[in-house]
Amino acid sequence: MINDLDKKPIKLKILDHRIGNEFPLPDYATLGSAGIDLCACMGTELVVEPGETQLIPTGISVFIEDPKLCATILPRSGLGHKHGIVLGNLVGLIDSDYQGPLMVSCWNRSQKSYTITPGDRIAQLVFLPVVQAEFEIVNSFESTRRGLGGFGHTGN
Ligand SMILES: O=c1ccn([C@H]2C[C@H](O)[C@@H](COP(=O)(O)OP(=O)(O)OP(=O)(O)O)O2)c(=O)[nH]1
Ligand SMILES: [Mg+2]
């Protein structure tokens, strides 16, 4: 269990006033949840046809501020597995200096149209640590057992 004091304060703007009223404030569903569900905040129902991708507002923006953190937008497993509703960008990456609205690219990879109703939880937001690299230009690397082998080099 994560104590509230161990949680990282993150600035959040409510852009759609249904958030915190008709739709819940973003929060972890259970004590051990890694993700916070994001709600679809469009005005009316939206039908995503098979193969189609729609950009859906979530009604919030966050300012992560700390460059050692980012957030990712991930599919919800139930929607992805049962209905083929995943993300058009596969994974959304939210930069620590981004201050705009959080948007979800919804891709219907199934053969059936899918209706999204305002307030539906369409994806989830996961905060993650980030390490920024500073490149050191070299001419060669110390050799390793793997060396250049990859892409199945070690077998199945
Ligand atoms: O699913 C997503 C992915 C990104 N973003 C926002 C936050 C992110 O910080 C910004 C830029 O995303 P990214 O760097 O992945 O896109 P880009 O195509 O490289 O755009 P840019 O040139 O603005 O960086 O868009 C979202 O709201 N939802
Ligand atoms: Mg970018």
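Residues numbered from 1 in each chain as written. Chains lettered and ligands numbered in written order. Predicted model: local features only at pLDDT ≥ 70, side-chain atom pairs only at ≥ 80, totals over all residues. Heavy atoms only, no water.

- Per an unreviewed UniProt entry, the recorded name for the chain is Deoxyuridine 5'-triphosphate nucleotidohydrolase, and the organism is Thalassotalea nanhaiensis.
- Taken from UniProt, the Cofactor (unreviewed entry) comment for the chain reads in full: "Mg(2+)".
- If you open the UniProt record of the chain and go to Sequence similarities (unreviewed entry), you find "Belongs to the dUTPase family." (UniProt positions renumbered as here; feature names shortened; annotations may be inferred.)

## Observations concerning the site of ligand 1
- Around ligand 1 lies a shell formed by Ile73, Asn89, Gly92, Leu93, Ile94, Asp95, Tyr98, Pro101, Leu102 and Met103.
- Taking asparagine 89, its side chain carries an N or O atom lying 3.0 Å from an oxygen atom of ligand 1.
- Ranked by residues supplied to the shell around ligand 1, first place goes to strand β8 (residues 92-94) with three residues.
- Split by residue class, the shell around ligand 1 holds seven nonpolar, two polar and one charged. (Near = heavy atom within 4 Å. Polar contact = N/O pair within 3.5 Å; in protein donor to acceptor, adjacent residues only side chain to side chain. Helix = DSSP H or I, 4+ residues; strand = E, 2+ residues; numbered from the N terminus. Nonpolar A, V, L, I, M, F, W, Y, C, P; charged D, E, K, R; others polar.)

## What about the state of the cysteines?
- Considering all chains together, one arrives at zero disulfides under this definition.
- The closest cysteine sulfur to the non-disulfide-bonded cysteine 106 is located on cysteine 39, 12 Å from its own sulfur.
- Take cysteine 106: its relative accessible area is 1%, and that puts it in the buried class. (Disulfide = S-S within 2.5 Å. Buried < 20%, exposed > 50% of the residue type's maximum accessible area, 1.4 Å probe, protein only.)

## Regarding the UniProt feature "domain: dUTPase-like" (unreviewed entry) in the chain
- Mapped onto this structure's residue numbering, the UniProt feature "domain: dUTPase-like" (unreviewed entry) falls at residues 22-155.
- Along residues 22-155 the backbone is 5% helical and 35% strand, and the end-to-end C-alpha distance reaches 52 Å.

## A few points about the UniProt feature "binding site: substrate" (unreviewed entry) in the chain
- When the UniProt feature table is mapped to this numbering, "binding site: substrate" (unreviewed entry) covers Arg76, Ser77, Gly78, Asn89, Leu93, Ile94 and Asp95. With the annotated positions falling across 20 residues, the maximum pairwise C-alpha distance of 26.4 Å shows that they are not confined to a single cluster.
- Mapping serine 77 onto the fold places it in helix α1 (residues 77-83).
- The class of serine 77 is exposed, set by a relative accessible area of 62%.
- As for its placement among the helices and strands, asparagine 89 is situated in the loop between β7 (85-87) and β8.

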